[in-house]
Amino acid sequence: MSETLTLSDAKSIIENQIEDLARRNREPEWMTRIRYRALEEFIHAPLNDPIIDEQTLLHFIAKPEIEGLPEKIESLDDLPPEMKSLLDRLGISEVEQKYIAGLAVQTDTGVIYNQFLQEWAKKGLIILPTEEAVRRYPDVVKEHFLKLFNAGESKLTAYHTAVWNGGIFLYLKENLKVPFPLHLFFLIQESSLAQAPHIIIVAERNSEVHLIEGCTAPILVRHSLHLDMTEAYLHENAKVRLTVLQNWPEYVHTRPMTRARIGRNAQFLNTTVSLGAGKSNIANPKYWVSGNGYVELNGIILGQKDWYIDLGGEMHLQGEGASGINASKAVIMDESTVITRGVIRAEAPKTKGHISCDALLMSDKARMETYPGLVSLVNDAELSHEAAIGKIREEELFYLMSRGLSEEKATQLIVKGFLEPMLKDIPVEFLVEIRKIIELAVSGGM
Amino acid sequence: MLKVDDLHVAVEGKEILKGVSLEVGRGEFHVIMGPNGSGKSTLALTIAGHPKYRVTQGKIIFEGEDITEYSPDERAKRGILLAFQTPPEVEGVRIIDFLAQVLAEIKGIDIGEAYDLIKKKAEDLWFKEEDLKRFVNVGFSGGERKRLELLQALLLEPKLLLLDEPDSGVDVDSLSVISRKIEELHKKGVSIILITHYGRILKHIDRENLKVHVIRNGRIVKSGGAELVDLIEREGFKAVFGGGNGE
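Moving on, we come to the overall build of chain B. Along its length, chain B carries 8 helices and 10 strands. Against the compact-globule benchmark of 18 Å for 247 residues, chain B has a radius of gyration of 18 Å, which places it among compact chains. Its C-alpha atoms give chain B principal-axis dimensions of roughly 55 × 40 × 30 Å. For chain B, the proportion of its 247 residues judged to be buried stands at 54%. A sequence separation of at least 24 residues applies to 68% of the contacts in chain B between residues at least 6 apart. Of the roughly 10,500 Å² that chain B leaves accessible, carbon and sulfur atoms contribute 44%. Computing the positive centroid from 36 side-chain charges and the negative centroid from 41, chain B places the two 3 Å apart.

Listed below in structure tokens is the structure:
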């Protein structure tokens, strides 16, 4: 980082990107206007990030792609050899390996899901790349685009809004229940743009869906900063499960922005499985819950190397009888730091909230901090929290070893067991991989 | 098969065993009795290789091999199994998966076969199939924990089985199934060291060949046959130790 960049340098770069995106996506004017407005806000918005300072951000904007990766990846043989061998050790199928390598990009995903889509489109399911949804369903998108965020909240929100690209738009018609999980993996490998997918989920009354995003295997990414934004709108009685799987390489900063409005009696189960060893991951998802609605934020974290993870979570229980649970379990290795700071605000009568946080420290340099926040604005809310931070207990380890398991195998079993209760919503094919990744991490094989 | 020779053991700097010697031959049944804090459990945990129990002097020979410095799993692989007095809870680990993994690794039994074997043996110890899906010892009663320890002994069929108070905190029915299973293992030729406070667990066991040791303050102070058990049952440890300071 030799030269100093200015905000106006960044501004002109972003302007060019907006022009590009607008032209390439044949974007309606209203969307391009949103981008430009966000760019104006970008100049004045605060940055509010403990890790990324302004110069770092500006340099990233000037040059989003990192150096040192293979120029072109045309087949799996072009992958860095360490990565290829890790994928083999994890037993990952060739099809999935191609996704991981970025050989199958988002447009390909569209193709793969096409047949399936046609079937379900008739029943009222829309899954489209967000750009395409903007063109084809402008009214619905307009109604739900950036309604839970203000672009000017921070420089990162503003930057995302100005240059968002990729992501999906998921719409479920009233009463439509999708009986199997939808797995979407999207990764844009275009080097000149920031990785900033925008995801919109709209679940009409009585609809149900389970959306799985990402994958458990480590992915080869070209960008060191990931700014994805997810907006979910759940209408009365809708039930949405959003499971996010991520395994970042060690040079990546991620700032996922997730917010959901949860209607009466609706349920939103938001699970994030963070494996691997990114550089930093800072998130503060927010949820607004109506009467008798329910929100669950489950964080499963395997922190390796010097990954810095700060997981918040703000739940506003706004309707009578609304409830929320913020539960996290972290296995913290090496020099990784995990901070959890969930907040539950009881803003209506008879609301309930619970925060729990468990951490297993696997090394002397691993670090955990937890700051549960409970705020009650009414006199009959039930709010509680619990936290436990500790190491593997010697008695447990001895017990398993006295049955003939090596220290390594016994440790793997304890660590897998520690996370197991949180993995109840994960489909079995991912569970197998998650367990394998934990085993490899515990044995120092990642 | 097992030879404990002048064993001194310290825990966190404090000496608990002060020179214990004990020989256990193949298929023998030894009983170790003694008041609380006399060093009974320490002896069992040290033979099993608990890292907190440090041998400061003496050694443990198993089948001619000095195992004093071996890790717990190396001892288990050689055929030593300790049934814990209070086995710990292992959150998130299902009994069935755990036992299958142990059988696969120790005995080389194929996983599918292991599952069948576990289910079959579990019935003998009153575990239903759904019980086996529970997490190891999590929320278990005293009796359930002891029965699970015995189930592991039945499955692994060790050469030497150390039983640390299999009769404490157990209801009468569990006690009788546990002692019958101990006798069953004994008849199969498993050498046994049983630690207990009371004689009642020995009711189902052939008393003829019992070798009984009384331990006090980290030393074996008396050895004999089943008559020692009767004496302690009747008159307490003071009958063995003499004087009035028996606990």
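Back to the write-up after that little detour.
Before going further, it helps to spend a moment on the side chain of H253 of chain A. All names here are of chain A. Relative to the assigned elements, H253 resides in strand 9 (residues 253-254). Overall, the relative accessible area of 16% leaves H253 in the buried class. Looking at H253, its side chain comes within polar contact range of the side chain of S280, at 2.7 Å. H253 has contacts with I51, I52, S224, L225, H226, K279 and S280, leaving out every residue within four places of it along the chain.

What follows deals with the environment of L360 of chain A. Residues and elements named next belong to chain A. Within the element layout of this structure, L360 appears in strand 20 (residues 352-361). For L360, a relative accessible area of 7% corresponds to the buried category. Taking the C-alpha atoms as reference points, L360 and F418, 58 residues apart in sequence, are found 8.1 Å from one another. Excluding its chain neighbours within four sequence positions, the residues that come into contact with L360 are A330, V331, I332, G390, K391, I392, V415 and F418.

Residue and element names in this part refer to chain B. Taking 1.5 Å of rise per residue, the 16 residues of helix 6 (residues 172-187) would be expected to cover 22 Å, and the 23 Å separating its terminal C-alpha atoms lies within 8% of that figure. Among the residues of helix 6, those classed as buried are S174, L175, V177, I178, S179, K181, I182, E183, L185 and H186. In the core, the buried residues of helix 6 are packed alongside strand 3 (29-33), helix 4 (111-124), helix 5 (142-156), strand 7 (160-164) and strand 8 (191-196). Remark: G189 follows helix 6 within two positions and exhibits a positive phi of approximately 105°.

Further remarks concern unusual backbone geometry. The phi dihedral of N48 of chain A falls on the positive side, at around 50°, and the residue is not glycine. By the element assignment, N48 of chain A lies in the loop between helix 2 (29-44) and helix 3 (54-62). Among the residues examined, N48 of chain A registers a relative accessible area of 62% and is labelled exposed. Even without being a glycine, E12 of chain B presents a positive backbone phi close to 45°. Of note, E12 of chain B is situated in the loop between strand 1 (2-11) and strand 2 (14-24).

A few words on the sheet that holds strand 3 (residues 182-184) of chain A. Residue and element names in this part refer to chain A. An order of 3-5-8-11-14-17-20-23 is seen for the 8 strands of this open sheet, with the pairing classed as parallel. Only two strands of the sheet have a single partner each, and these edge strands are strand 3 and strand 23 (382-390). With direction set aside, neighbouring strand axes in the sheet form an average angle of 10°. Note: strand 3 against strand 5 (residues 208-214), 3 bridges, orientation parallel. Across the sheet, L182 pairs through a bridge with L211, a residue of strand 5. Helix-sheet contacts for helix 12 (residues 407-419) involve strand 14 (294-303), strand 17 (323-332) and strand 20, and the interaxial angle to strand 17 is about 165°.

The next point concerns the packing of helix 1 (residues 7-24) of chain A against helix 10 (residues 155-163) of chain A. Residues and elements named next belong to chain A. At a closest axis distance of 9 Å, the pairing of helix 1 and helix 10 adopts a crossing angle of 30°. Taken together, the axes of helix 1 and helix 10 are roughly parallel relative to one another. Of helix 10, the residues touching helix 1 (which contributes L7, I14, Q17, I18 and L21) are K155, Y159, A162 and V163. Split into classes, the residues belonging to the contact of helix 1 with helix 10 amount to 7 nonpolar, 1 polar and 1 charged.

Moving on, we come to the interface of chain B and chain A. Accessible area lost during the coming together of the parts is what is often quoted as the interface size. Taken together, the 34 residues of chain B in the interface contact 20 residues of chain A. A combined buried area of about 2,200 Å² lies between chain B and chain A, and 64% of that area is made up of carbon and sulfur atoms. Between chain B and chain A we count 2 salt bridges in total. For E105 of chain B, the salt bridge is made with K409 of chain A, and the minimal N-O distance between the two is 3.6 Å. If you look at where chain B meets chain A, you find 9 residue pairs in polar contact (both at pLDDT 80 or more). Counting residues per element, the ones that place at least two in the side of chain B that touches chain A are helix 1 (40-48), helix 2 (72-77), strand 6 (80-83), helix 3 (95-107) and helix 5 of chain B. Sort the elements by how many residues they give to the side of chain B that touches chain A and helix 3 of chain B lands first, with 5 residues. Taken together, the residues of the side of chain B that touches chain A sort by class into 19 nonpolar, 7 polar and 8 charged.

Below, the discussion takes up the confidence of the model for chain A. When pLDDT is averaged along chain A, the result is 88; 89% of the residues meet or exceed 70. Residue range residues 103-113 of chain A is modelled with pLDDT below 50. Its contacts to residues more than four positions away, or to other chains, number 21 contacts.

This part covers the packing of aromatic side chains. On inspection of all chains with the given rule, the structure shows 8 aromatic pairs over all chains. With 6.0 Å between their ring centres and 50° between their planes, F268 of chain A and Y287 of chain A make a pair best called tilted. Here F268 of chain A, found in strand 11 (residues 267-276), pairs with Y287 of chain A, found in strand 13 (residues 286-289); they are 19 residues apart in sequence, far enough to count as distant. Taken together through their ring pairs, the aromatic side chains of F42, F60 and Y159 of chain A make up a single cluster. The ring of F418 of chain A carries the charged tip of K329 of chain A above its face, separated from the ring centre by 4.4 Å. The ring of F127 of chain B has R147 of chain B sitting right over it, with the charged end atom 5.1 Å from the ring centre.

How each quantity is defined
- Each chain has its residues counted from 1, running along the sequence as written.
- Lettering for chains starts from A, numbering for ligands starts from 1, and both go in the order in which the items are written.
- Local features in a predicted model are, by the rule used here, given only for residues with pLDDT of at least 70; side-chain atom pairs are given and counted only at 80 or more, and totals for whole chains, interfaces and linings are based on all residues.
- Note that the side-chain values use all heavy atoms of the structure and ignore hydrogens as well as water.
- Only DSSP runs of H or I reaching four residues or more are called helices, and only runs of E reaching two or more are called strands; each is numbered from the N terminus.
- Radius of gyration here is computed from C-alpha atoms only, and the compact-globule reference equals 2.2 Å multiplied by the residue count raised to the power 0.38.
- For every residue, the accessible area (1.4 Å probe, protein chains only) is compared with the maximum for its type, and the residue is labelled buried under 20%, exposed over 50%, or partly exposed between those bounds.
- Here, two residues are considered to be in contact whenever any of their heavy atoms come within 4.5 Å of each other.
- Only the protein chains shown count as cover for residues, and all accessible areas are computed by the Shrake-Rupley method using a 1.4 Å probe.
- Residues scored as charged are limited to Lys and Arg (positive) and Asp and Glu (negative), so that His and the chain ends carry no count.
- Where a charge lies is defined by one atom per residue type: Lys uses NZ, Arg uses CZ, Asp uses CG and Glu uses CD.
- Identification of polar contacts relies on pairs of N or O atoms within 3.5 Å, with a donor-acceptor requirement for protein atoms, meaning one able to donate a hydrogen and the other able to accept it, and with residues adjacent in sequence counted only if both atoms are side-chain atoms.
- Multiplying 1.5 Å by the residue count of a helix minus one yields the expected span of that helix.
- At least two DSSP bridges between two strands are needed for those strands to be called paired.
- Fitted lines through C-alpha atoms give the axes, limited to the stretch in contact for helices. The angle between two N-to-C directions lies from 0 to 180 degrees.
- Roughly parallel means an angle under 35 degrees; roughly antiparallel, over 145; roughly perpendicular, 65 to 115; everything else is oblique.
- Nonpolar residues are Ala, Val, Leu, Ile, Met, Phe, Trp, Tyr, Cys and Pro. Charged residues are Asp, Glu, Lys and Arg, and all others, Gly as well, are polar.
- By buried area we mean the combined loss of accessible area, with a 1.4 Å probe, across both parts when two parts are placed together.
- The working definition used for a salt bridge is a side-chain nitrogen of Lys or Arg within 4 Å of a carboxyl oxygen of Asp or Glu.
- pLDDT runs from 0 to 100 and stands for how confident the predictor is about each residue.
- When two rings of Phe, Tyr or Trp (its six-membered ring) have centres within 6.5 Å they constitute a pair, described as stacked for plane angles under 30 degrees, edge-to-face for angles over 60, and tilted for the intermediate range.
- Put simply, a charge is over a ring when the Lys NZ or the Arg CZ is close to the ring centre, within 6 Å, and near the line of the ring normal, within 35 degrees.

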